[in-house]
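A look at the structure
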Amino acid sequence: MAFSSGNSGGPMSDINVTPLVDVMLVLLIIFMITAPQLSHKIKIDLPQPNPNIVNPENPPDPVRLQIRQDGSLYWNDTPVDELGLKAQIAVIAQQSNQPELQIDADDAAQYEAVARVLSDAKSQGLTKIGFVNSN
């Protein structure tokens, strides 16, 4: 004995809402679990400004270091070799108010040259290093 659904093989005109109900119940459960967590406050200790430290009104001019595609180095548009670069970095690292070293590496420059400059700056104690793009 076969059961008949009353359809003659045509398209079904009713929408199956079971998947929609399942999704809505899952979302309801997720929101019920996470809603109390959103109102929970976390206490953190933010750093407070030190009134004894005075920021300089006129920071020193940044130093621009260009690394070209062929690996040549230019310190403020003046050619410099690796030993001269290390000496220049040592000089500015000893200053109490260090200028920022802005590294402008060519897109086709080798990563090794940039890594070597960063390593030299870190070993000398330079703390203000930035990257710029001249394009």
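Before reading further, recall that the structure is shown in the block above.
None of the values given here were measured: they were computed from a predicted structure.

About the thresholds
Residues numbered from 1 in each chain as written. Predicted model: local features only at pLDDT ≥ 70, side-chain atom pairs only at ≥ 80, totals over all residues. Heavy atoms only, no water. Helix = DSSP H or I, 4+ residues; strand = E, 2+ residues; numbered from the N terminus. Contact = heavy atoms within 4.5 Å. Areas by Shrake-Rupley, 256 points an atom, 1.4 Å probe, with all protein chains shown as cover. Salt bridge = Lys/Arg side-chain N within 4 Å of Asp/Glu carboxyl O. Buried < 20%, exposed > 50% of the residue type's maximum accessible area, 1.4 Å probe, protein only. Pairing = 2+ DSSP bridges. Axes fitted to C-alpha atoms, helices over the stretch in contact; angles between N-to-C directions.

Observations concerning the overall build of the chain
- Of the regular secondary structure elements, the chain holds 3 helices and 5 strands.
- The N-to-C order of helical and strand elements in the chain reads α-β-β-β-α-β-α-β.
- In the chain, the share of contacts with a sequence separation of at least 24, taken over all contacts with a separation of at least 6, comes to 69%.
- Put simply, the chain shows about 11,200 Å² of open surface, and 57% of that area lies on carbon and sulfur atoms.

Some points on the pattern of salt bridges
- Scanning all chains against the criterion turns up 3 salt bridges.
- Residue Asp 104 pairs with Arg 64 through a salt bridge whose shortest N-O separation is 3.0 Å. With Asp 104 in strand S4 (residues 101-105) and Arg 64 in strand S1 (residues 63-67), the pair connects residues that are 40 residues apart, well separated along the chain.
- With a relative accessible area of 6%, Asp 104 lands in the buried category.
- The partly exposed category is assigned to Arg 64, whose relative accessible area is 27%.
- Of the charged contacts, one joins Arg 116 and Glu 112 as a salt bridge, the two residues approaching to 3.2 Å between their closest N and O atoms. Of the two residues, Arg 116 and Glu 112 both sit in helix H3 (residues 111-124), 4 residues apart, roughly one turn of that helix.
- Look at Arg 116 and you get partly exposed, because its relative accessible area is 31%.
- Where salt bridges share partners, they join Glu 82, Glu 112 and Arg 116 into one cluster.

Overview of the sheet that holds S1
- The mixed open sheet is built from 5 strands, whose spatial order is S3-S2-S1-S4-S5. Edge strands, defined here as strands with exactly one partner in the open sheet, are strand S3 (78-80) and strand S5 (129-131). Shown here is a sheet whose adjacent strand axes are inclined to one another by a mean of 30°, direction ignored.
- Looking at chain direction, S4 and S5 are connected through 3 bridges and run parallel. Residue Ile 103 lies in a different strand from S5, and its bridge partner there is Phe 131.
- In the packing of helix H2 (residues 82-93) onto the sheet, the strands contacted are S1, strand S2 (73-75) and S3, and the crossing angle to S2 comes to about 35°.

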